[in-house]
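Next come the chains, spelled out residue by residue.
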Amino acid sequence: MNVLLAVIAVGGGSLLFRLAPLLGANRLPDRVTRVAGWAGLSVLAAIAVRAVVSFDDPTVAGAPVVAALAVAAGLYLAFRGRSLLLAAAAGAGCYLVLSAAQSAVL
């Protein structure tokens, strides 16, 4: 529930910041827009971390660790400037390969 409230608050704040120039307000200071951008990224990071930590796949032992490695592979490609589709596909592929290798070993 707290994550939902954070997403709504940051989304509403982002919408207000984007509407402010259209409504005739003075331009927002650069520091405020920079902090708002970091707040949005922080909420997205918190959602990703929470999803990975609470991930539960009964067929894979240590599923959160495998999921964290898959997310790290996708994030690495995203930070290197690759497309979102490629980063998501790499993360999903990494999860499939790691979970198959783990089940083959165990």
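See above for the structure.
Residues numbered from 1 in each chain as written. Predicted model: local features only at pLDDT ≥ 70, side-chain atom pairs only at ≥ 80, totals over all residues. Heavy atoms only, no water.

**Describing a nonpolar patch on the surface**
- A contiguous nonpolar patch, built from V3, V7, W38, L41, L44 and I47 and spanning about 560 Å² of accessible area, is present on the exposed surface.
- Mapped by element, the contributors of at least two residues to the nonpolar patch are helix 1 (2–19) and helix 2 (30–53).
- The element that contributes the greatest number of residues to the nonpolar patch is helix 2, accounting for four residues.
- With respect to the secondary-structure elements, W38 resides in helix 2. (Patch = residues over 30% accessible without salt bridge, like charges linked within 9 Å, V, L, I, M, F, W, Y side chains within 5 Å. Areas by Shrake-Rupley, 256 points an atom, 1.4 Å probe, with all protein chains shown as cover. Salt bridge = Lys/Arg side-chain N within 4 Å of Asp/Glu carboxyl O. Helix = DSSP H or I, 4+ residues; strand = E, 2+ residues; numbered from the N terminus.)

**Notes on helix 2**
- Helix length check: helix 2 (24 residues) gives 34 Å between terminal C-alpha atoms against 34 Å at 1.5 Å per residue, within 8%.
- Taken residue by residue, helix 2 has G40, V43 and V52 as its buried positions.
- Contacts from the buried residues of helix 2 go to helix 1 and helix 3 (63–79). (Expected span 1.5 Å × (residues − 1). Buried < 20%, exposed > 50% of the residue type's maximum accessible area, 1.4 Å probe, protein only. Contact = heavy atoms within 4.5 Å.)

**Considerations on the nonpolar core**
- Within the largest apolar cluster, five residues are counted, these being V60, A63, V66, A70 and Y95.
- In this structure, Y95 is in contact with F55, D57, V60, V66, A67 and A70, ignoring residues within four places of it in sequence. (Core = buried A, V, L, I, M, F, W, Y, C linked by side-chain atoms within 4.5 Å.)

**Overview of the packing of helix 1 against helix 2**
- Where helix 1 contacts helix 2, the two axes come as close as 10 Å, and the packing angle between them is 155°. By the angle between their directions, the pair helix 1 and helix 2 is classed as roughly antiparallel. As helix 1 runs across helix 2, the sense of the crossing is left-handed. From helix 1, V3, A6, V7, V10 and F17 reach across to helix 2, where they touch V32, A36, A39, G40, V43, I47 and R50.
- Here the contact of helix 1 with helix 2 is built from residues that sort into 10 nonpolar, one polar and one charged. (Axes fitted to C-alpha atoms, helices over the stretch in contact; angles between N-to-C directions. Parallel < 35°, antiparallel > 145°, perpendicular 65-115°, else oblique. Left-handed = near helix turned anticlockwise from the far one by under 90°. Nonpolar A, V, L, I, M, F, W, Y, C, P; charged D, E, K, R; others polar.)

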